[in-house]
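Descriptive analysis of the structure
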Amino acid sequence: MTPAGSALTIVLLATVALAMKGLLAKFVYATGMTVDGLLLLRFLIAMPFFWLGVVLFGKNRPGERKMKPVDLAWGALYGGLFFFAALFDFTAVSLIDVTVSRIVLFTFPAVVMILEALHKGRFPPFRQIVCFVVTYIGLVLVLAPGGFGEETAAFWYGAAWAFGSALTYAIYLYFGQRMINVIGSMHFAALINTMAGVCMVIYQLVMQNALNLNPAGIMWTAGISIFCTVIPFFLLYEGIRRVGATQASLISLSGPAMTFFAAWLFLGEVLTVPQMIGFVVVTAGVALLKNSVSLSGLRRLLARPFS
């Protein structure tokens, strides 16, 4: 598989895992744990596993040089942005439905495209614009086939938290891609999540919010930490190193739709006709990045995550 093709597979697998964290967070909240409790445990549990991955697999990962003291300063900046993105995201999930929060959160690829256009002083490529429009239409069909209904003030409050997460995540993702190339994807993942964890500890010491820790919530949080944080972030940053933040963020639009498809495939959940159409549209939108819109192109795209 070509580097671009393998990057597509890597980012697809990462985004499927990342899209699951919102669903698992609902199980954590059902045990009585708070947003602060989930986030604090998530960062603390994930931190040693990130550095274990660096020790075991990071020695030969591509990077322009080894980490220097100046990288710690940049890591603190990007780690702080990632901390706020996570805080805003999990707060949104606690306030509104997961499906709605995912739709709002996944506006971040458009923000990344806008940042790239402003930063480089050029209009986004037409293919990327078409990819976002097509994929997002499909995403709405998958996640909200019947529409949103009447929105309340609480809905818009939760949606604002989700958009805040999308905005901070896009800024961190776009400007952090240079650092990924400098120190390598695995070191970047470990450094950023460590700095985000430090930010979370400081935040908790200052705010002193209730955590409501309990055994069931801790178990769910451990699953989020390993399977929806450590593993997918290693994959995501490696994909960004290969194809850039803009391409990777557009590919990640397929994550929630892939989650719905996996639930139908493995758990027997029923997908409506609009959701099935939406899944096809999402797949076609992502296929616009690296494949022509043809049956063979869609077949190759669908086959990669399972090969």
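None of these values were measured; they are calculated from a predicted model.

Considerations on helix 5 (residues 108–120)
In this model, helix 5 (13 residues) spans 18 Å end to end at C-alpha, consistent with the 18 Å of a helix rising 1.5 Å per residue. Listed as buried for helix 5 are Phe108, Pro109, Ala110, Val111, Val112, Met113, Leu115, Glu116 and Ala117. Where helix 5 terminates, the next one or two residues include Gly121, which has phi positive at roughly 65°.

Side note on the environment of Leu87
With respect to the element layout, Leu87 can be found in helix 3 (residues 69–95). Taking the C-alpha atoms as reference points, Leu87 and Gly164, 77 residues apart in sequence, are found 9.6 Å from one another. Contacts of Leu87, omitting those with residues within four sequence positions, involve Val35, Asp36, Leu39 and Tyr203.

Considering unusual backbone geometry
We note that Gln208 has phi near 55°; this positive angle belongs to a residue other than glycine. Looking at the secondary structure, you find Gln208 in the loop between helix 8 (185–207) and helix 9 (215–243). Positioned with a positive phi, Asn212 is a non-glycine residue whose angle comes to about 55°. Tracing the chain through its elements places Asn212 in the loop between helix 8 and helix 9. A residue is classified by how much of its surface remains accessible, and Asn212, at 42% relative accessible area, is partly exposed.

Describing the pattern of salt bridges
The tally for this structure, following the rule as stated, stands at four salt bridges. The partner of Glu116 in a salt bridge is Arg122, and the shortest N-O contact between them spans 3.8 Å. Accessibility expressed as a relative area gives 39% for Arg122, which makes it partly exposed. Residue Arg242 pairs with Glu238 through a salt bridge whose shortest N-O separation is 3.0 Å. Here Arg242 pairs with Glu238, and both are found in helix 9, just four residues apart, close to one helical turn. We classify Arg242 as partly exposed; its relative accessible area is 34%. Classification of Glu238 by relative accessible area gives buried; the value is 6%.

Section: the environment of Thr15
Counting through the fold element by element, Thr15 comes out in helix 1 (residues 3–30). Between the C-alpha atom of Thr15 and that of Ala248, which follows or precedes it by 233 residues, the distance is 9.6 Å.

Side note on the confidence of the model for the protein
Confidence in the prediction of the protein, expressed as mean pLDDT, is 79, and 78% of residues score 70 or more. Here residues 291–295 scores under 50 on pLDDT; set against residues more than four positions off or in separate chains, the count is eight contacts.

A word on the packing of aromatic side chains
Within this structure, the stated rule accounts for 17 aromatic pairs. Taken together, a centroid distance of 4.9 Å and an interplanar angle of 85° make the contact between Phe108 and Tyr169 edge-to-face. Of the two residues, Phe108 is situated in helix 5 and Tyr169 in helix 7 (residues 153–183); the sequence distance between them amounts to 61 residues. Judged by relative accessible area, Phe108 falls into the buried class, the value being 5%. Relative accessible area serves as the criterion here: at 11%, Tyr169 is assigned to the buried category. Ring-pair connections join several aromatic residues into one group, and the members of that group are Phe43, Phe82, Phe108, Tyr169, Tyr172, Phe188, Phe233 and Tyr237. Between the NZ or CZ atom of Arg42 and the centre of the ring of Phe43, over which it lies, the distance is 5.7 Å.

Digging into the packing of helix 3 against helix 8
When two helices pack together, their arrangement is given by the angle between their axes and by how far apart the axes lie. Relative orientation of the contacting elements helix 3 and helix 8 amounts to 65°, with a least axis distance of 7 Å. Judged by the sense of rotation from one axis to the other, the crossing of helix 3 with helix 8 is right-handed. Counted together, Asp71, Leu72, Gly75, Ala76, Tyr78, Gly79, Gly80, Phe82, Phe83 and Leu87 of helix 3 and Phe188, Leu191, Ile192, Asn193, Met195, Ala196, Cys199, Met200 and Tyr203 of helix 8 form the full contact between these two elements.

Procedures and definitions
- Throughout this document, residue positions are counted from 1 along each chain, in the order its sequence is written.
- The model is predicted, so local features are restricted to residues of pLDDT at least 70 and side-chain atom pairs to those at 80 or more, both for listing and for counting; the totals for chains, interfaces and linings are taken over all residues.
- Excluded from the side-chain calculation are hydrogens and water; included are all heavy atoms of the structure.
- Secondary structure elements are taken from DSSP: a helix is a run of H or I of four residues or more, a strand is a run of E of two residues or more, and numbering for both begins at the N terminus.
- A helix is expected to span 1.5 Å multiplied by its residue count minus one.
- Three labels apply to residues, based on accessible area from a 1.4 Å probe with only protein chains included: buried if under 20% of the type maximum, exposed if over 50%, partly exposed otherwise in between.
- Only heavy atoms matter for contacts: two residues are in contact if any of them lie within 4.5 Å across the pair.
- Think of a salt bridge as a Lys or Arg side-chain nitrogen and an Asp or Glu carboxyl oxygen that are within 4 Å of each other.
- Scored from 0 to 100, pLDDT records how confident the predictor is in each individual residue.
- Only Phe, Tyr and Trp rings are paired, with Trp represented by its six-membered ring, and only when their centres lie within 6.5 Å; those with planes under 30 degrees apart are stacked, over 60 edge-to-face, the remainder tilted.
- In this analysis the charged atom, NZ for Lys or CZ for Arg, is taken to sit over a ring once it is within 6 Å of the ring centre and within 35 degrees of the ring normal.
- Helix axes use the C-alpha atoms of the stretch in contact, all axes being lines fitted to C-alpha atoms, and the angles between their N-to-C directions lie in the range 0 to 180 degrees.
- By definition, turning the near helix anticlockwise from the far helix through less than a right angle yields a left-handed crossing, and turning it clockwise yields a right-handed one.

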